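# Secondary and tertiary structure notes
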Amino acid sequence: MGATRVIETLVLSLLLFLSGSSATQRQKTRAGPRLPCKQMVFYFHDILYNGENAKNATSAIVGAPAWGNRTILAGKNHFGNVVVFDDPITLDNNLHSIPVGRAQGFYLYDRKDYFTAWLGFSFFFNSTQYRGTIIFAGADTLNKTRDISVIGGTGDLFMARGIATLTTDAVEGDVYFRLQVYIKLFECW
Amino acid sequence: MGATRVIETLVLSLLLFLSGSSATQRQKTRAGPRLPCKQMVFYFHDILYNGENAKNATSAIVGAPAWGNRTILAGKNHFGNVVVFDDPITLDNNLHSIPVGRAQGFYLYDRKDYFTAWLGFSFFFNSTQYRGTIIFAGADTLNKTRDISVIGGTGDLFMARGIATLTTDAVEGDVYFRLQVYIKLFECW
Amino acid sequence: MGATRVIETLVLSLLLFLSGSSATQRQKTRAGPRLPCKQMVFYFHDILYNGENAKNATSAIVGAPAWGNRTILAGKNHFGNVVVFDDPITLDNNLHSIPVGRAQGFYLYDRKDYFTAWLGFSFFFNSTQYRGTIIFAGADTLNKTRDISVIGGTGDLFMARGIATLTTDAVEGDVYFRLQVYIKLFECW
């Protein structure tokens, strides 16, 4: 009898717990430590067209403010310049390593008084390890590390969500930069 | 007594199962087959401004690399061209069917050695069937079918997430193309 | 005995309920009322560069169709104009209030017959109240209120998802506008 009562209470608590989680089904608030379900590190390499490097360039200025042009990045921290890119992705920080995919999309410089940029792009994988895309959007800054959002994915990265921590690994004038991208997914399907 | 013990074990397993799912609440890993909660098929029609079709054009080049202009798509697979569009959405593949909404946003060509593009756009519905928007982002390629991400939605498509499979249904030179968009949502609110 | 049987039934129902929710784990369909887990209201202020206000301008035309330029918004409801912005965010509708962050990104006008725009931008917070970013994408219209999507977030707004209701709070010609942004998050981590 006593045991039965205990179990009854347990079952009722469970039911309450479950109905509680039903009630909040449309309002997801998560507690507890954040544990990525997938982590990956890549590098990508951007060589900006400057009028003389048509063959090697992987990106080009395609938009500029009235005071700028499409061959040289504008003053005021390049405010208003829009750049389209198709950059090789490598597993290490060597530009000449065999690419495992392409980083494709755009960035635009969006601050007059110091450097910030807005990024919308994909990682496009078509290798033995991964097939599919990861979609990114977010704000790039001068901070040593900064986070952008992983807003979607397809193929092996279907429905991915998470963040990507960017670190500038190298800069050579206005022509070359290399970013390390540390991807942490928190939704994996 | 034996029955009570069995139930006790069951209840304990349940509690463990539940506490387990609490522990991983911030790290969603889903298993099992992928079943869309909503599927829709639409077509949209893009007529690019070419200097002579101002009346019918639904899109226009608004960005170009230094070697291009805004009336004719640039060489090198149109690398660097940015196009803004406001295209009619139809239920079948007939340009002259009554539109059920507008596909609005941009695409940019982002590869020099063959054709790829990056898309950011919305489907804007204001019909008896749907009211609201679906937001898309992702990489378009020359593959027969290719997936982009559904990254959000409003109104009837509130909080939508999923993928959309694009198929080129028709191309007429650099002026007209028609895409079939097969939307599969995996998060429906 | 009767009590045990009742409990057995309850436990079995629970197990079925749980296995049911496992089966649909990859297809989230939520029912019930929509309750935001976080709500915030901000204003942001856009001063468009017009050739004469270089010092105060917070945004600039960086893309235009063939028939437009980058100093004056084009005809046909500015179709094809792409604008990059870095706008102050305030808690009230006073341009001169101390900013709590920056709204940074782009909008592009995407309709010839009346005004609509497509937005991709971030709220960048670096104040005592919030640190981090919220990422937005979606369609802006002439409606009194219109919803865009919150597609991601970082820092204090980690993994944010939801919608933002935009209301035009003021417009002064083609030079200044102020938007109220009422953010409602439905996924909070």
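Preceding this section is the structure that the text describes.
This is a predicted model, so every value here is computed, not measured.

Throughout the structure, instances matching the rule amount to three cavities of 30 Å³ or more. Estimates place the volume of the largest cavity at around 130 Å³. Residue assignment for the lining of the largest cavity shows that the elements contributing at least two residues are β3 (59-63) and β5 (101-109) of chain A, β3 (59-63) and β5 (101-109) of chain B together with β3 (59-63) and β5 (101-109) of chain C. Class assignment for the residues of the lining of the largest cavity results in 12 nonpolar, three polar and no charged. For the second largest cavity, the calculated volume is near 90 Å³. Among the secondary structure elements, those contributing two or more residues to the lining of the second largest cavity are β6 (117-126) of chain A, β6 (117-126) and β7 (131-140) of chain B together with β6 (117-126) of chain C. Each residue belonging to the lining of the second largest cavity can be placed in one class, and the counts come to 13 nonpolar, three polar and no charged.

Further remarks concern the side chain of C:T58. Among the structural elements, C:T58 can be located in the loop between β2 (38-47) and β3. Accessibility expressed as a relative area gives 10% for C:T58, which makes it buried. Here the side chain of C:T58 touches C:D87 through a polar contact of 2.7 Å, side chain to side chain. The residues touching C:T58, leaving out its near neighbours within four places in the chain, are A:F79, C:H45, C:D46, C:I47, C:V84, C:F85, C:D86, C:D87 and C:P88.

Okay, the state of the cysteines next. Residue and element names in this part refer to chain A. Taken as a whole and assessed by the stated rule, the structure comprises three disulfides over all chains. C37 shares a disulfide with C188; S-S distance 2.1 Å. Between C37 and C188 the sulfur-sulfur dihedral comes to about 90°; the bridge is accordingly right-handed. Pair noted here: C37 is in the loop between β1 (28-29) and β2 (38-47) and C188 is in strand β10 (residues 176-188), with a separation of 151 residues, a long-range link. Given a relative accessible area of 22%, C37 falls into the partly exposed group. A relative accessible area of 12% places C188 in the buried class.

Residue and element names in this part refer to chain A. In terms of burial, strand β7 (residues 131-140) is largely enclosed, as nine of its 10 residues are buried. What sits between β6 and β7 in their antiparallel hairpin is a turn of four residues. For β7 and strand β8 (residues 145-155), the ladder comprises six bridges, and the chain directions are antiparallel. Residue pairing across strands places I135 opposite G152, the latter belonging to β8. Hairpin geometry of β7 and β8 is characterised by an intervening segment of four residues between the two adjacent antiparallel strands.

Our next topic: the environment of A:A137. Take A:A137: it is sitting in strand β7. A relative accessible area of 3% places A:A137 in the buried class. For A:A137 and A:L119, which are 18 residues apart along the polypeptide, the C-alpha to C-alpha distance reads 5.4 Å. Those residues in contact with A:A137 that lie beyond four places of it in its chain are A:W118, A:L119, A:I148, A:S149, A:I151, C:I135 and C:I151.

Between side chains of opposite charge, a pair can form as their charged atoms come close. Enumeration according to the criterion identifies 21 salt bridges over all chains in this entry. Between B:D169 and B:R178 there is a salt bridge, with its nearest N and O atoms 2.8 Å apart. Look at B:R178 and you get buried, because its relative accessible area is 14%. Among the ionic pairs, C:R146 bridges to C:D140, the shortest N-O distance being 2.5 Å. Across the pair, exposure class does not vary: C:R146 and C:D140 are buried alike. A network of salt bridges, in which partner residues are shared, links A:R161, A:E187, B:R161, B:E187, C:R161 and C:E187.

Scoring rules and cut-offs
Residues numbered from 1 in each chain as written. Chains lettered and ligands numbered in written order. Predicted model: local features only at pLDDT ≥ 70, side-chain atom pairs only at ≥ 80, totals over all residues. Heavy atoms only, no water. 1 Å grid on protein atoms, 1.4 Å probe; cavity = no way out; pocket = protein on both sides within 12 Å on 5 of 7 lines; lining within 4 Å. Points joined across faces, edges and corners; volume = space filled by probe spheres on them. Helix = DSSP H or I, 4+ residues; strand = E, 2+ residues; numbered from the N terminus. Nonpolar A, V, L, I, M, F, W, Y, C, P; charged D, E, K, R; others polar. Buried < 20%, exposed > 50% of the residue type's maximum accessible area, 1.4 Å probe, protein only. Polar contact = N/O pair within 3.5 Å; in protein donor to acceptor, adjacent residues only side chain to side chain. Contact = heavy atoms within 4.5 Å. Disulfide = S-S within 2.5 Å. Pairing = 2+ DSSP bridges. Salt bridge = Lys/Arg side-chain N within 4 Å of Asp/Glu carboxyl O.

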